[in-house]
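# Remarks on the overall topology
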Amino acid sequence: MSRRRIIAGNWKMNKTPGEAVALCNELKDLVKNDAVDVVYCVPAIDIVPVVEAVKGTNVHVGAENFYIEDKGAFTGEISAPMLKEAGVEYVIIGHSERRDIFGENDILINQKVKKAFASGLTPIMCCGESLALRKAGTYKEWIARQIKWDLTDVTADQVKTLVIAYEPIWAIGTGETATADQAEEVCKMIREIIADLYDQATADAVRIQYGGSMNAGNAAELLSKPNIDGGLIGGASLKPDFGKIVNA
Ligand code: PGA
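Residues numbered from 1 in each chain as written. Predicted model: local features only at pLDDT ≥ 70, side-chain atom pairs only at ≥ 80, totals over all residues. Heavy atoms only, no water.

On to the site of the ligand. Residues in contact with the ligand amount to 13 residues; listed here are only the nearest, Lys-12, His-95, Glu-167, Gly-173 and Ser-213. Here Asn-10 contributes a side-chain N or O atom positioned 3.3 Å from an oxygen atom of the ligand. Gly-173 has a polar backbone atom sitting 2.7 Å from an oxygen atom of the ligand. Calculation on the ligand without its partners gives an accessible area of 280 Å², and the protein chains cover 95% of this total. Here the residues of the shell around the ligand are counted per class, giving four nonpolar, seven polar and two charged. (Near = heavy atom within 4 Å. Polar contact = N/O pair within 3.5 Å; in protein donor to acceptor, adjacent residues only side chain to side chain. Areas by Shrake-Rupley, 256 points an atom, 1.4 Å probe, with all protein chains shown as cover. Nonpolar A, V, L, I, M, F, W, Y, C, P; charged D, E, K, R; others polar.)

Listed below in structure tokens is the structure:
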């Protein structure tokens, strides 16, 4: 089963609209690769100029967050129809920073996954353990529980198009990357969980990314693993290095 590689940048809260366009122009030739899905997940205010800036290139645009209602009295939020109309195709859901800083729980994350699918957006659904859970040795149970909760009432056909990002929290922005074997161990386990919850065909189709201090130096080894189909990249997505990851 060959799955198409997907390399997504998570810009987080970086780049003003002007800086965002400049970065798109800087990366344009560096991220060319017809064999890879390249995605920029950008701050809400950058979406419109970034969609314009990447027109005619191989880059797809993603959002970093959204809310589950279509419209109404939800001050500060942005809806799936707004994202769709602007040209967004992917959306990150359940990033550890959303969970830890903004208090998002698995009930909301599951609602977001279902809403994204219902709206024609592809979720990049994040999971991952803290350093304490890694040290305690209970990280596998934790991640299995996250996956089960977050996929409640999501169909096999939907999961076939889903992207799951395994991001150990202790490796995010810390410069400490999981080893390729550590990352592969969990990505393989996630695929087995999907096979248990659905079936083998669904498990073979779902794309699983590693995220957490992935960079130009370690990407090739991580991406060589059979169950790692791509990366969700924070810091290194804001630099020319991102092109090296796309072409690793
Ligand atoms: P990082 O972030 O690459 O800067 O570690 C990854 C992420 O949080 O998605």
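Alright, that's what it looks like, and here's the rest.
For the rest of this paragraph, the subject is the pattern of salt bridges. Per the counting criterion, the structure on display carries 18 salt bridges. Among the salt bridges present, the one from Asp-70 reaches Lys-115, with a minimum N-O distance of 2.7 Å. Placement of the pair is Asp-70 in the loop between strand E3 (59–63) and helix H3 (80–86) and Lys-115 in helix H5 (residues 106–118), with a sequence separation of 45 residues. You can call Asp-70 partly exposed: its relative accessible area is 38%. Linked by salt bridges that have partners in common, Arg-3, Arg-191 and Asp-229 make up one network. (Salt bridge = Lys/Arg side-chain N within 4 Å of Asp/Glu carboxyl O. Helix = DSSP H or I, 4+ residues; strand = E, 2+ residues; numbered from the N terminus. Buried < 20%, exposed > 50% of the residue type's maximum accessible area, 1.4 Å probe, protein only.)

This part takes up the packing of aromatic side chains. Counted under the stated rule, the structure contains four aromatic pairs. For Arg-98, the ring lying beneath its charged end belongs to Phe-102, and the centroid distance is 4.2 Å. Against the face of Tyr-139 rests Arg-134, its NZ or CZ located 3.8 Å from the ring centre. (Phe/Tyr/Trp six-rings, centres within 6.5 Å; stacked < 30°, edge-to-face > 60°. Lys NZ or Arg CZ within 6 Å of the ring centre and 35° of its normal.)

Moving on, we get to the sheet that holds strand E5 (residues 122–127). Where strands meet in a sheet, backbone hydrogen bonds hold them as pairs that are either parallel or antiparallel. Spatial strand order, E1-E2-E3-E4-E5-E6-E7-E8: eight strands in a closed barrel with parallel pairing. Taking the axes of each pair of neighbouring strands and ignoring which way they run, one obtains an average angle of 25 degrees across the sheet. Against the sheet, helix H7 (residues 139–150) makes contact with E5 and strand E6 (163–166), and its axis sits at roughly 150 degrees relative to E5, the strand it touches most. (Pairing = 2+ DSSP bridges. Axes fitted to C-alpha atoms, helices over the stretch in contact; angles between N-to-C directions. Contact = heavy atoms within 4.5 Å.)

Moving on: the side chain of Ser-79. Secondary-structure assignment places Ser-79 in the loop between E3 and H3. A residue is classified by how much of its surface remains accessible, and Ser-79, at 3% relative accessible area, is buried. At a separation of 3.0 Å, a polar atom in the side chain of Ser-79 contacts the main-chain carbonyl oxygen of Asp-70. Ignoring anything within four residues of it in the chain, the contact list for Ser-79 reads Tyr-67, Glu-69 and Asp-70.

Attention now moves to the packing of H7 against helix H9 (residues 180–197). In contact at an axis separation of 10 Å, H7 and H9 are set at 45 degrees when each is read in the N-to-C sense. One finds that H7 runs oblique with respect to H9. Here the hand of the crossing between H7 and H9 comes out right-handed. Across the interface between the two elements, Tyr-139, Lys-140, Ile-143, Ala-144, Ile-147 and Lys-148 of H7 pack against Glu-185, Val-186, Met-189, Ile-190, Ile-193, Ile-194 and Leu-197 of H9. (Parallel < 35°, antiparallel > 145°, perpendicular 65-115°, else oblique. Left-handed = near helix turned anticlockwise from the far one by under 90°.)

This part is about unusual backbone geometry. Glycine aside, residues mostly have negative phi, and peptide bonds are mostly found in the trans state. Backbone geometry at Lys-15 places phi at a positive 85 degrees, although glycine is not the residue there. Along the chain, Lys-15 falls in the loop between strand E1 (5–10) and helix H1 (17–27). In this structure, Ser-213 is a non-glycine residue whose phi angle is positive, near 55 degrees.

Let us look at the nonpolar core. For soluble globular proteins, the rule of thumb is that nonpolar side chains tend to be buried together. The biggest cluster of nonpolar side chains holds 70 residues, and the ones touching the most others in it are Tyr-40, Ile-147, Leu-151 and Ile-164. The element contributing the most residues to this core is H9, with nine residues. Every residue in contact with Leu-151, bar those within four places of it in the chain, is listed here: Asn-110, Val-113, Met-125, Val-159, Leu-162, Ile-194 and Tyr-198. Ile-92, Val-163, Ala-165 and Leu-232 belong to the second-largest nonpolar core, a separate cluster that totals eleven residues. (Core = buried A, V, L, I, M, F, W, Y, C linked by side-chain atoms within 4.5 Å.)

A separate point is H9. Two residues of an α-helix separated by three or four positions point the same way, owing to the 3.6 residues in each turn. Its 18 residues give H9 an end-to-end C-alpha distance of 26 Å, which sits within 8% of 26 Å, the value for a rise of 1.5 Å per residue. Along H9, the positions that sit buried rather than exposed are Ala-180, Ala-183, Glu-184, Val-186, Cys-187, Met-189, Ile-190, Arg-191, Ile-193, Ile-194 and Ala-195. (Expected span 1.5 Å × (residues − 1).)

Here Asp-229 lies in the loop between helix H11 (219–223) and strand E8 (230–233). For Asp-229, the side chain forms a polar contact with the side chain of Arg-3, separated by 2.9 Å. In this structure, Asp-229 is in contact with Arg-3, Arg-4, Arg-5, Ile-6, Arg-191, Val-206, Arg-207 and Ile-208, ignoring residues within four places of it in sequence.

For E1, the tally of buried residues reaches five of six residues, placing the bulk of the element in the interior. For the crossover from E1 across H1 to strand E2 (residues 36–42), the handedness is right-handed. Note that E1 and E8 share four bridges and pair parallel. Within E8, the position partnered with Ile-7 by the bridge is Gly-231. (Right-handed = clockwise from strand over helix to strand, strands pointing away.)

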